[in-house]
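Overview (structure and organization)
Residues per chain, in single letters:
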There are 4 protein chains.
Amino acid sequence: MKIGFIGLGAIGTPMAHNLVAAGLDVTVWNRTADKCKPLVEAGATQGDSPADCAACDVLITMLADDAALSALVEEHDLIGALGQTTVHVNMATVSIDFAKAMAEQHAAAGKTYIAAPVLGRPDIAKAGKLQIVAAGDADAIETARPAFDVMGAKVWPVGTDAYRANVIKLATNYMLMAAVETMGEAAALTASYDVEPGDFLEIVTSSVFAAPAYQGYAPAMAQRDYDNPEGFKLALGAKDVDLALAAGHANNVALPVGAAVRERLAEGMAAGEGDLDLSALAEGSRRAAHLDD
Amino acid sequence: MKIGFIGLGAIGTPMAHNLVAAGLDVTVWNRTADKCKPLVEAGATQGDSPADCAACDVLITMLADDAALSALVEEHDLIGALGQTTVHVNMATVSIDFAKAMAEQHAAAGKTYIAAPVLGRPDIAKAGKLQIVAAGDADAIETARPAFDVMGAKVWPVGTDAYRANVIKLATNYMLMAAVETMGEAAALTASYDVEPGDFLEIVTSSVFAAPAYQGYAPAMAQRDYDNPEGFKLALGAKDVDLALAAGHANNVALPVGAAVRERLAEGMAAGEGDLDLSALAEGSRRAAHLDD
Amino acid sequence: MKIGFIGLGAIGTPMAHNLVAAGLDVTVWNRTADKCKPLVEAGATQGDSPADCAACDVLITMLADDAALSALVEEHDLIGALGQTTVHVNMATVSIDFAKAMAEQHAAAGKTYIAAPVLGRPDIAKAGKLQIVAAGDADAIETARPAFDVMGAKVWPVGTDAYRANVIKLATNYMLMAAVETMGEAAALTASYDVEPGDFLEIVTSSVFAAPAYQGYAPAMAQRDYDNPEGFKLALGAKDVDLALAAGHANNVALPVGAAVRERLAEGMAAGEGDLDLSALAEGSRRAAHLDD
Amino acid sequence: MKIGFIGLGAIGTPMAHNLVAAGLDVTVWNRTADKCKPLVEAGATQGDSPADCAACDVLITMLADDAALSALVEEHDLIGALGQTTVHVNMATVSIDFAKAMAEQHAAAGKTYIAAPVLGRPDIAKAGKLQIVAAGDADAIETARPAFDVMGAKVWPVGTDAYRANVIKLATNYMLMAAVETMGEAAALTASYDVEPGDFLEIVTSSVFAAPAYQGYAPAMAQRDYDNPEGFKLALGAKDVDLALAAGHANNVALPVGAAVRERLAEGMAAGEGDLDLSALAEGSRRAAHLDD
């Protein structure tokens, strides 16, 4: 099976490496071409254009946002370049509007498109343990499954409408941002009573909150060291909450916790922490409480 | 070792049963006396008064709120009734102000008081798997440890100031209420896009949010059946958020997520759902989105 | 002075009528052409195309949103059609991004563009008492002043960067939506204590809150009758809060009150009240409190 | 008519001065006795005890909070000291629970109690232009009316249940705190786009928001000078929002805007601004946006 892979960001890069390491025939392309080098050294083929990737059995795209995929589709006629039997698997986090538009455009061109956004951070991607939420034609999902099995710990099929996978991804990230903000608030509360954040965070993440959403962010909060190249950037968290709020507003679903979280993310970005790990949200709670004044 | 036990509510009752079942010498007292019967049948002694419990090596109190313990202390001179070597272990969730006052009153009377609030719902209490956060004199904590070992999976000692255990408990419950509200919002969001809440909740609670705080509430949300006598009542959630917000405001720690959650809890209570399981918060998100209109 | 006028909505129509009634030479155009009839009967000229309006001394556009003006500009080459000395006065509420883009596009084409959004509802527009916040080239503002003097009670010049007028407009509407939501919450609070909303609202709008932002919405709240064709639609309020939040997020300015208000607007729209007067926000507070159950 | 007056704080002092200046027979008492001096110099009588004030035709109490009046009532048997025909007029801002308890205690003792909280800041009190919201027995209100006419611009009778006046007062202050916070947020938003806060605030407070709630706070925001001995202290604003939220929670009325405002007030107090004028809330919005970094 030939796999095309476009989008070598923080999550896409380890995903592609795992595909290559598993012995699959992978053709990569990236706007910044030199990001392909390590993959080529590992055994991947570097495509001359996106069309080379689109001519494979499976095309995986993993771009940063709606605009990046939209540009790729328009500038390189990506849909036109897809083979008649190619399955285009969009694994990125996109807006619901864009997700629906992508599905419609592929269908109109007689091409196959599925959505398969992933749950997990770069280190999880590296370990090949992502959770993959897949929606679209069931046969197409099966076609992509060998690749999914390499990249992920589990595939969750959630129906034939591709956008359904995307809304689940947005809702999950929504919960994640709320969880991290809440943990930061709680750590500030306990710190104001002279409990070391690390002591508090160890207790909660060992018991009631013993889950990746918390355990992945508590150590950085405890050490107040948010410089994590493999982390989930605070600014991306703001982007994802925006997508969730937009998805909610489109259907008139009120999301009051997310609304409050979004404003805290704004404060963090105003503080210049947008490129730090999401756990830096805890600093906002400390600033608001003037704990370090 | 003789143990006195006062407060046979939803959590206290299974805790006391476990102590008796472990062969410890337990004297129980409860304002509503007939709640003692099953324990006496199991081997406990029924005290004639709170003083009988206070005369033991360890007195455990597990009352509903500040007012209940305050009334007990005042009406029955509970502190005066404590033996010189008795360790009074307050395992209830109380306000920080009251926690500090209790510690001071015991100290002034030359008596020993520690705080040991628990993390976990009634079913966890029944299984003897509570997390026990303990603060106070280290020797006193050791005195109580045999009882802790029976009731809990782990003891977390967090220093000598008793209120520190209480603030950790409040912060944990604060995170819990935020987690459940957020999960309800996310479920409403996905439901508005025709994703079954159960499908969404299974994915998140099997992966990023695979922790008791979520797994304990997701099934009821999925089934929309919130009648759970062993659950955590929504109205108690509101009380606990009030305690956390009050603890925050006392130190000028802003808790914006909790503030938003508190108003959702108000809506749930206005809807007559205060006595349902906390997971009923999800109905508020559905109502706000008018999903069932 | 010849005036072109495009955009005959709830505010634009009375503005145009006032210009005609003042004896000015007005050419109107509207996508739905029959909206021009009453104005033509009153003395206006109906343009054959937007270009006829753009060929005047002053072109006033008053369209519903960014998309409407954007479509007009693109489909009819509106900027190209502007005369060399024509002043294009955009009086609509637009996003800051679009405001900046408009100014740039006009400048690039060597044409004159100013922003002059208005404060006031349809009845204020009808009375010619709008507050006009104007930004752009000072001479251009003076060119448009005769028209402003007819339509408004006062012109507030706020500098040469056109977007500055737009941000003031967005911030004002932001305050308005927060004011109306807060008044609705307060009315629900007092109603829960058996104070008639009308009694409470009369007191506050006669004293501490004796301003149009409150007086314009309190009577409808008191009577719970939100059917007001000349009102400010709740759904437009949501749109404007979105614009304000987007303007804030672009600069990382946290707006926690607006975030909370936005979610209440979502609930109102979910309840099917988007086309009602903004004062219908009060019903959301009543529903959340289950006052009418 | 003899008037007893207890409580010489920021609002009470000018109220009492106006009564004396109007030629009424006023007996004053204050816990800090030397605050009575200027009034005695102006013609008032200094009482030896609260009972001297309670023996008048009308007793006005204007104390800082529930605790202060509660202490006065208990320590000095104030209710017992009231004459059979004395009307006790409580003009302070109190909680709804306390308001109900006061009414009950007076009724049980066969004494007459009405609530008459005031709207307005110290400068309004000095000018004798307060808005007085009065509830209780209609005859009792008439008995106090000569005093009200001196102190206020208008009396609003709102029924026979005294607590109704208090809930209106709390709801009004709730709206005030929300208005000032919102104005601060809007000023930060416009400032981030290089609009001077003073320019923005002049426009809105001259038009849509031309009311005391805004005009009384905008100048300090514009000048960023919050040192105002006659102002409304930020910390009192937090206290009043707490009372409003508590009144709401008692009836399960959700107040999401107030909840958000309360957390901003916490931040202001954490910043050490609790004793500044309420308009200092604007600094919190500036800090969150890091405008002055």
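Just so you know, the residues in each chain are numbered from 1, in the order the chain's sequence is written. For this description, chains carry letters from A and ligands carry numbers from 1, given in the order in which they are written. Side-chain atom pairs in this predicted model are given and counted only at pLDDT of 80 or more, local residue features only at pLDDT of at least 70, and totals for whole chains, interfaces and linings cover all residues. Side-chain numbers come from the whole structure's heavy atoms, not from hydrogens or water.

1. Notes on the overall build of chain A
Each helix and strand counted, chain A has 15 helices and 9 strands in total. Atoms considered for the radius of gyration are the C-alpha atoms alone. The globule rule reads 2.2 Å times the number of residues to the power 0.38. What you see for chain A is a C-alpha radius of gyration of 20 Å, in line with the 19 Å of a compact globule of 293 residues. Its C-alpha atoms give chain A principal-axis dimensions of about 65 × 45 × 35 Å. Accessible area is worked out with a 1.4 Å probe on protein chains only. A residue is then buried under 20% of its type maximum, exposed over 50%, and partly exposed in between. Put simply, chain A has 293 residues, and 62% of those count as buried. A total accessible area of about 9,800 Å² is found for chain A, and carbon and sulfur atoms account for 49% of it. When charges are counted, Lys and Arg contribute as positive and Asp and Glu as negative, whereas His and the chain ends are disregarded. Charge placement uses NZ in Lys and CZ in Arg. For Asp and Glu, CG and CD serve respectively. Of the side chains in chain A, 20 bear a positive and 38 a negative charge, and the two mean positions are spaced by 2 Å. Only runs of H or I of at least four residues qualify as helices and only runs of E of at least two qualify as strands under DSSP, and these elements are numbered from the N terminus. Areas reported here follow the Shrake-Rupley algorithm with a probe of radius 1.4 Å; residue values treat only the protein chains shown as occluding.

2. A few points about the packing of helix α9 (residues 162-192) of chain D against helix α10 (residues 197-205) of chain D
Residue and element names in this part refer to chain D. Angles here are taken between N-to-C directions and fall from 0 to 180 degrees, while the axes themselves are lines fitted to C-alpha atoms, restricted in helices to the stretch in contact. Where α9 contacts α10, the two axes come as close as 9 Å, and the packing angle between them is 130 degrees. As the angle between them shows, α9 and α10 are arranged oblique. Viewed along their axes, α9 and α10 form a crossing whose handedness is right-handed. Between α9 and α10, the contacting residues are Met183, Ala186, Ala187, Thr190 and Ala191 on the first element and Pro197, Phe200, Leu201 and Thr205 on the second. Note on residue classes: Ala, Val, Leu, Ile, Met, Phe, Trp, Tyr, Cys and Pro are nonpolar, Asp, Glu, Lys and Arg are charged, and everything else, Gly too, is polar. Taken together, the residues of the contact of α9 with α10 sort by class into 7 nonpolar, 2 polar and no charged. Orientation categories follow fixed angle ranges, with anything under 35 degrees roughly parallel, anything over 145 roughly antiparallel, 65 to 115 roughly perpendicular, and all other angles oblique. Take the far helix as your reference; a near helix turned counterclockwise from it by less than a right angle gives a left-handed crossing, and one turned clockwise gives a right-handed crossing. Contact criterion: two residues are considered in contact whenever any of their non-hydrogen atoms come within 4.5 Å of each other.

3. Quick notes on a negative patch on the surface
The grouping of Asp161(A), Asp194(B), Glu196(B), Asp199(B) and Glu202(B) at the surface amounts to a negative patch. In this structure, Asp194(B) sits in the loop between α9 (162-192) and α10 (197-205). Any residue with relative accessible area above 30% and no salt bridge may belong to a patch, with like charges joined within 9 Å and the nonpolar Val, Leu, Ile, Met, Phe, Trp and Tyr side chains within 5 Å. Only one rule defines a salt bridge in this text: a Lys or Arg side-chain nitrogen within 4 Å of an Asp or Glu carboxyl oxygen.

4. Quick word on the side chain of Thr205(A)
Tracing the backbone shows Thr205(A) in helix α10 (residues 197-205). Residues in contact with Thr205(A), not counting those within four places in the same chain, are Met183(A), Ala210(A), Tyr214(A), Gln215(A) and Ala218(A).

5. Comments concerning unusual backbone geometry
The phi dihedral of His290(B) is positive, around 50 degrees, even though this residue is not glycine. Mapped onto the elements, His290(B) comes out in the segment after α15 (281-288). Unlike most non-glycine residues, Asp194(C) shows phi in positive territory, near 65 degrees.

6. Digging into the sheet that holds strand β6 (residues 112-115) of chain B
Residues and elements named next belong to chain B. Judged by pairing direction, the sheet is parallel, and its 6 strands sit side by side in the order β3-β2-β1-β4-β5-β6 without closing on themselves. In the strand order of this sheet, the two ends are held by β3 (45-46) and β6, each with one partner. Two strands qualify as a pair provided that DSSP identifies no fewer than 2 bridges between them. Across 4 bridges, strand β5 (residues 87-90) lies against β6 in parallel orientation. Directly across from Asn90, in β6, lies its bridge partner Ala115.

7. So, the pairing of strand β9 (residues 152-157) of chain B
Residues and elements named next belong to chain B. The pairing of strand β8 (residues 130-134) with β9 spans 5 bridges and is classified as parallel. Within β9, the position partnered with Ile132 by the bridge is Val155. A right-handed crossover is one whose linking path, passing over the helix from the first strand to the second, runs clockwise when the strands point away from the viewer. With helix α8 (residues 138-151) bridging β8 and its parallel neighbour β9, the resulting β-α-β unit is right-handed.

8. Looking at the interface of chain A and chain B
On the side of chain B, 60 residues touch chain A, which itself brings 60 residues to the contact. Here's the idea: put two parts together, see how much 1.4 Å probe accessible area each one loses, and the total over both is what we call buried area. Summing the contributions of chain A and of chain B, the shared interface buries around 5,200 Å²; its carbon and sulfur component is 74%. Run the count over chain A and chain B and you get 0 salt bridges. Pairing of N or O atoms within 3.5 Å defines a polar contact, subject to two protein rules: one partner must be a possible hydrogen donor and the other a possible acceptor, and residues neighboring in sequence count only if both atoms are side-chain atoms. Where chain A touches chain B, the interface holds 13 residue pairs in polar contact (both at pLDDT 80 or more). Secondary-structure elements contributing two or more residues to the side of chain A that touches chain B are α6 (96-108), β8 (130-134), α9 (162-192), α10, α11 (212-215), α13 (234-250) and α14 (256-270) of chain A. Looking at which element gives the most residues to the side of chain A that touches chain B, the answer is α9(A), with 20 residues. In the side of chain A that touches chain B, the residues fall into 42 nonpolar, 11 polar and 7 charged.

9. Re the interface of chain D and chain B
Contact with chain D, which involves 14 residues of that partner, is made by 14 residues of chain B. Overall, the association of chain D and chain B removes approximately 1,100 Å² of surface from exposure, summing both partners, and the carbon and sulfur fraction of that is 57%. Contact with chain B buries area across many residues of chain D, yet His249(D), Asn252(D) and Glu263(D) alone supply 53% of it, more than any other trio. Counting across the chain D and chain B interface gives 0 salt bridges. At the junction of chain D with chain B, the criterion picks out 6 residue pairs in polar contact (both at pLDDT 80 or more). When contributions to the side of chain D that touches chain B are tallied by element, the ones reaching two or more residues are α13 (234-250) and α14 (256-270) of chain D. It is α14(D) that contributes the most residues to the side of chain D that touches chain B, 7 residues altogether. Within the side of chain D that touches chain B, the residues separate by chemical class into 9 nonpolar, 2 polar and 3 charged.

10. With respect to the pattern of salt bridges
All names here are of chain A. All told, the structure shown has 56 salt bridges over all chains when counted by the stated rule. One salt bridge connects Arg31 with Glu75, and the closest N-O pair in it is separated by 3.7 Å. Of this pair, Arg31 sits in the loop between β2 (25-29) and α2 (37-42) while Glu75 is found in helix α4 (residues 66-75), placing the two residues 44 residues apart along the sequence. Just as Arg31 is exposed, Glu75 falls in that class too. In this structure, a network of salt bridges that share partners links the residues Arg224, Glu283, Arg286 and Asp292.

11. Brief notes about the relation of the copies chain A and chain B
When the copies are overlaid, the least-squares fit takes in C-alpha atoms only where the residue has pLDDT of at least 70 in both copies. Mapping chain A onto chain B calls for a rotation angle of 180 degrees and an axial translation of 0.0 Å; the resulting RMSD is 0.0 Å. On this basis, the relationship between the two copies can be described by a two-fold rotation axis. Ranked by how close their C-alpha atoms come to the rotation axis, the residues of chain A are headed by Ala211(A), at 2.5 Å. Of all interface residues in chain A, 100% are interface residues in chain B too; the two copies therefore contact each other through one and the same surface.

12. Topic: the sheet that holds strand β1 (residues 2-6) of chain D
Residues and elements named next belong to chain D. Read from one edge of the open sheet, 6 strands run β3-β2-β1-β4-β5-β6, paired in parallel fashion. Every interior strand has two partners, whereas the edge strands, β3 (45-46) and β6 (112-115), have only one. Sitting on the sheet, helix α1 (residues 12-21) touches β1, β2 (25-29) and β4 (58-61), and the angle it makes with β1 is about 165 degrees.

13. Observations regarding the UniProt feature "active site" (unreviewed entry) in chain A
All names here are of chain A. The UniProt entry lists Lys169 under the feature "active site" (unreviewed entry), expressed in the numbering used here. Mapped onto the elements, Lys169 comes out in helix α9. Look at Lys169 and you get buried, because its relative accessible area is 8%. Those residues in contact with Lys169 that sit more than four places away from it in its chain are Thr93, Pro117, Val118 and Leu119. UniProt positions are given in the numbering used here, feature names are shortened, and annotations may be inferred rather than shown by experiment.

14. Describing the relation of the copies chain D and chain B
Under the fitted operation, chain D is carried onto chain B by 0.0 Å of movement along the axis and a turn of 180 degrees, and the coordinates agree to an RMSD of 0.0 Å. Taken together, the interface assignments show that 100% of the residues at the interface of chain D recur at the interface of chain B, consistent with an identical surface on both copies.

15. Comments concerning the packing of aromatic side chains
Between the rings of Phe, Tyr and Trp (Trp by its six-membered ring), a pair exists once the centres lie within 6.5 Å; its type follows the angle of the planes, with under 30 degrees stacked, over 60 edge-to-face, and the other angles tilted. Applying the stated criterion across every chain yields a total of 10 aromatic pairs over all chains. Where Tyr163(A) meets Tyr193(B), the ring centres are 6.2 Å apart and the plane angle is 65 degrees; that geometry is what we call edge-to-face. Residue Tyr163(A) is found in helix α9, and its partner Tyr193(B) is found in the loop between α9 and α10; the two belong to separate chains. The exposure classification of Tyr163(A) matches that of Tyr193(B), with both residues buried.

16. Focus on the UniProt feature "domain: 6-phosphogluconate dehydrogenase NADP-binding" (unreviewed entry) in chain A
In the numbering used here, UniProt assigns the feature "domain: 6-phosphogluconate dehydrogenase NADP-binding" (unreviewed entry) to residues 2-156 of chain A. The span residues 2-156 of chain A shows a helical share of 43% and a strand share of 23%, and its end C-alpha atoms are spaced 23 Å apart.

17. Considerations on the domain arrangement of chain A
Residue and element names in this part refer to chain A. By the assigned domains, chain A splits into domain 1 (2-160) and domain 2 (167-288). Centre-to-centre, using C-alpha coordinates, domain 1 lies 28 Å away from domain 2. Counting from both sides, the interface comprises 15 residues of domain 1 and, opposite them, 16 residues of domain 2. Of the roughly 1,200 Å² buried between domain 1 and domain 2 on both sides combined, carbon and sulfur atoms contribute 63%. A per-residue breakdown of the area domain 1 buries against domain 2 is headed by Thr93, Ile96 and Arg121, which together make up 43% of the total. Summed over the shared surface of domain 1 and domain 2, the number is 2 salt bridges. Where Asp277 meets Arg121, a salt bridge forms, and the shortest distance between an N and an O atom there is 3.7 Å. Connecting domain 1 to domain 2 are 4 residue pairs in polar contact (both at pLDDT 80 or more). Secondary structure elements with two or more residues in the side of domain 1 that touches domain 2: β7 (118-119) and α7 (122-126). Take the side of domain 1 that touches domain 2: its biggest share by element is 3 residues, from α7. Taken together, the residues of the side of domain 1 that touches domain 2 sort by class into 9 nonpolar, 2 polar and 4 charged. Segmentation of the chain into domains, including their bounds, is taken from an automatic or database domain assignment.

18. Considerations on the nonpolar core
Across soluble globular proteins, nonpolar side chains have a tendency to be buried as a group. As used in this record, nonpolar core signifies buried Ala, Val, Leu, Ile, Met, Phe, Trp, Tyr and Cys residues forming a set joined through side-chain atoms within 4.5 Å. Among the nonpolar cores identified, the biggest contains 189 residues, and Met91(C) and Phe148(C) are the most heavily contacted of them. Those residues in contact with Phe148(C) that sit more than four places away from it in its chain are Val89(C), Met91(C), Ile114(C), Ala116(C), Ile132(C), Ala134(C), Ile141(C) and Val155(C). If you look at the next biggest cluster of nonpolar residues, it comprises 156 residues, including Ala92(A), Ala186(A), Leu201(A) and Val253(B).

19. Re helix α13 (residues 234-250) of chain B
The terminal C-alpha atoms of α13(B), which comprises 17 residues, lie 24 Å apart, in line with the 24 Å expected from a rise of 1.5 Å per residue. Every buried residue of α13(B) is accounted for by Leu234(B), Gly237(B), Ala238(B), Asp240(B), Val241(B), Leu243(B), Ala244(B), Leu245(B), Ala247(B), Gly248(B) and His249(B). One fewer than the residue count of a helix, multiplied by 1.5 Å, yields its expected span.

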